[in-house]
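# Working through the structure, step by step
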Amino acid sequence: MSTIARLLNTWLRTFEKPRMRKGNLKSLRRAIEIQSRLFFRAPRGTRRRWSTHGGVPCLEIAPRDTPQTAPVLLYIHGGGFLFGSPDTHAAMVARLALCCGLRAILPRYRLAPESVFPAAPQDVRVVWDALISGGIAPDDIILGGDSAGGALAFGLVASLSAERAAQPRAVFGFSPLTDLTFSGDSFATNAARDVLLPADRAAEMAEDFLEGQDATHPSVSPLFGQFDGAPPAWLTVGDTEILLDDSRRLAARMRDGGVAVTLIEQHDLPHDWPLFHNILPEARQTLGALAAWIRQQQGLEAGS
């Protein structure tokens, strides 16, 4: 474990976890937007522009000179369904897109409590459908997300599986939230060890999003979905996260459906650590490992 990772954990535990526990939604939204501008930098050699797909605003990021016909990385940002945006995750996704030679699309899906369930998964599905109707083959799409964005990404895969519809080439998740009933053992056993997410505020977040609707709906709790015919999946999570069992149990469920799953557990790394790729060596290593896996799914050599 790097010295930077130890320092980052201390900072998150001392300053960010208390903010996550006590801050109101307005302050949390403002903080993550400001911090992302200050600390997260996209690599040189990428361009960005806003567009719409199916009426949903989307941030598009691509390495320079990437053609519009290039395969697509459809990335769903995290933030507990309440905060975050394509802007907060753009730098990390730009690095991944550059490593893979992909054109990334990040939907600005509707957030709660202004727009509650099922607004977020509906927006993600609208973007997926618009890409397909616009001529992009499902096999040319890599789907991914982090935290609540992971819930939406794997929830889309579960929905497509239930419909026996065409699937993306592959799907991945960084510390995905997969169970809005919060029934995993790690939710309790790692409550004190998790340096960022306060377990005692999760129920409030879920209620703001669900407003009394079914917490086991597979579109947002993919642990309860079926995955027959789903594409290869790649998951990574820290062993001190409250969401550790979300990844473990989702991996097991997908394997039961015949899916090839890669699950990588990292020791003592914070929730969603790839966001810190500018400063954290482990984040860059994780993005590099994922990029190699994506290239393999595309039939390319990892180093080519």
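Notes on the structure in this doc start here. The shown structure was predicted, so the numbers you read here are calculated from the model rather than taken from an experiment.

Turning next to the pairing of strand β7 (residues 233–238). Each regular strand carries side chains that alternate between the two faces of the sheet. With 6 of 6 residues buried, β7 is to be regarded as a mostly interior element. When strand β6 (residues 170–174) meets β7, the two strands line up parallel, connected through 4 bridges. Counted as the bridge partner of G173 is L235 from β7. The pairing of β7 with strand β8 (residues 261–266) spans 6 bridges and is parallel. Across the sheet, L235 pairs through a bridge with L263, a residue of β8. Remark: the β7/helix α8 (residues 244–256)/β8 crossover connection has right-handed handedness.

Moving on, we come to the pairing of strand β3 (residues 72–76). Of all 5 residues in β3, 5 are buried, a share of seventy percent or more. Alternating positions in β3 separate into two faces, V72, L74 and I76 on one and L73 and Y75 on the other, with burial throughout. By the bridge criterion, 3 bridges tie β3 to strand β4 (residues 103–107) in an arrangement that is parallel. Bridging across to β4, L73 finds its partner in A104. Handedness of the β3-helix α3 (residues 86–100)-β4 crossover: right-handed. Two strands pair when backbone bridges link them, and β3 and strand β5 (residues 141–146) are joined in this way by 5 bridges, in the parallel orientation. Bridge pairing in β5 places V72 opposite I141.

Let us now look at the packing of aromatic side chains. Given two aromatic rings, one states the distance between the centres and the angle between the planes to describe the pair. Considering all chains together, one arrives at 8 aromatic pairs under this definition. Consider the rings of Y75 and F172, whose centres lie 6.0 Å apart with planes at 35°: the pair is tilted. On the criterion of sequence distance, the pair formed by Y75 in strand β3 and F172 in strand β6 is long-range, its members being 97 residues apart. Each member of the pair, Y75 as well as F172, is classed as buried. Seen in terms of ring centroids, F182 and F187 are 5.0 Å apart; in terms of plane orientation they differ by 25°. Their pairing is stacked. Grouped by ring-pair contacts, the aromatic residues Y75, F172, F174 and W234 constitute a single cluster.

Conventions used here
- Residues numbered from 1 in each chain as written.
- Predicted model: local features only at pLDDT ≥ 70, side-chain atom pairs only at ≥ 80, totals over all residues.
- Heavy atoms only, no water.
- Buried < 20%, exposed > 50% of the residue type's maximum accessible area, 1.4 Å probe, protein only.
- Helix = DSSP H or I, 4+ residues; strand = E, 2+ residues; numbered from the N terminus.
- Pairing = 2+ DSSP bridges.
- Right-handed = clockwise from strand over helix to strand, strands pointing away.
- Phe/Tyr/Trp six-rings, centres within 6.5 Å; stacked < 30°, edge-to-face > 60°.

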